[in-house]
Amino acid sequence: MLNVYCAEIKKIRHDKMAITGFVILILLPIAMIIKGFTVDKCCISAYEWLMQLNLVITIVLPVVSGFVITRLIQSEYQNGTIKNVLTVPVKRSSFVTGKAAVWFTWYIFSVIFVIIFSLIGLVTLYPYAFLVFAKIFTLNMLKTAIFLFAAYMPVMWVAFLQKGTFYPAIIVTMLFAVLQLAGTQIGTELLRLASCIPWTAVALLGIMGTSNAYYGVCVISVFACFIVGLEISVFNFSRQEF
């Protein structure tokens, strides 16, 4: 497993999609900082600025992440390196979990840098509010990012299923993003249903408190999606013929 992880780390360091995705994510808080100095100057509070930033990040982050994992898997099939990987004495399940681990490494690395640039924007635009919101924003962003990663795990399964084709996993990623965005507009009458759907549940987790009756249902729904997504990825890849 460790050898697979190290090999995958070397690949992702030179992957153009991973680099481009990282740059796009870093540009989000930078763009919001510029917007704060120009369009929103003296018009919105620190809280409103952070809420806008959080909404943009939580929508764009999983989409970019889906592009990255799709590209990482697709390139293995297109370049034929998948056959070389499987000639070494390693379990196919280890290869899949290694991909997932490297994907998560890139993901959390990107999230950390997004948080850093967001905090720079906060202290620059609203220095008086930094101590009030910095810790809350950081913890909430990390929590939301982990939930998002878990909810989008089935994208990896689609990427393995499609092999060298790029578009199916991207379409699925965009569909998840639409459901996630819809989750932010859910009314109380649909709360029970939405909490059982991982991609609307992940949106609800960002806006409801832990005391909410459906909070636990949302958490279970999201992490069940993660487990199922990883398991079916392993199952599908283990039965592929090369």
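What comes next concerns the included structure. Just so it is clear, the structure is predicted and the values come from calculations on it, not from any experiment. (Residues numbered from 1 in each chain as written. Predicted model: local features only at pLDDT ≥ 70, side-chain atom pairs only at ≥ 80, totals over all residues. Heavy atoms only, no water.)

**Here's the deal with the packing of aromatic side chains**
Taken as a whole and assessed by the stated rule, the structure comprises 15 aromatic pairs. Ring plane angle 45° and centroid distance 6.2 Å describe the contact between Y47 and F133, whose orientation is recorded as tilted. On the criterion of sequence distance, the pair formed by Y47 in helix α3 (residues 46-78) and F133 in helix α6 (residues 130-151) is long-range, its members being 86 residues apart. When the ring of F176 is compared with that of W199, the centres are 4.2 Å apart and the planes differ by 15°; the resulting orientation is stacked. One end of the pair, F176, is in helix α8 (residues 167-183); the other, W199, is in helix α10 (residues 198-205), and 23 residues separate them in sequence. Assessed through its relative accessible area of 7%, F176 is described here as buried. Aromatic rings pair up to connect W103, F104, Y107 and F149 into one cluster. (Phe/Tyr/Trp six-rings, centres within 6.5 Å; stacked < 30°, edge-to-face > 60°. Helix = DSSP H or I, 4+ residues; strand = E, 2+ residues; numbered from the N terminus. Buried < 20%, exposed > 50% of the residue type's maximum accessible area, 1.4 Å probe, protein only.)

**Considering the nonpolar core**
W49, W106 and M156 are the most contacted members of the largest nonpolar core, which has 71 residues in total. Those residues in contact with W106, other than ones at most four positions away along the chain, are I12, A18, G21, F22, L25, V64, S65 and V68. (Core = buried A, V, L, I, M, F, W, Y, C linked by side-chain atoms within 4.5 Å. Contact = heavy atoms within 4.5 Å.)

It is worth stressing that arrangement in space is one thing and function is another; only the former is reported here.
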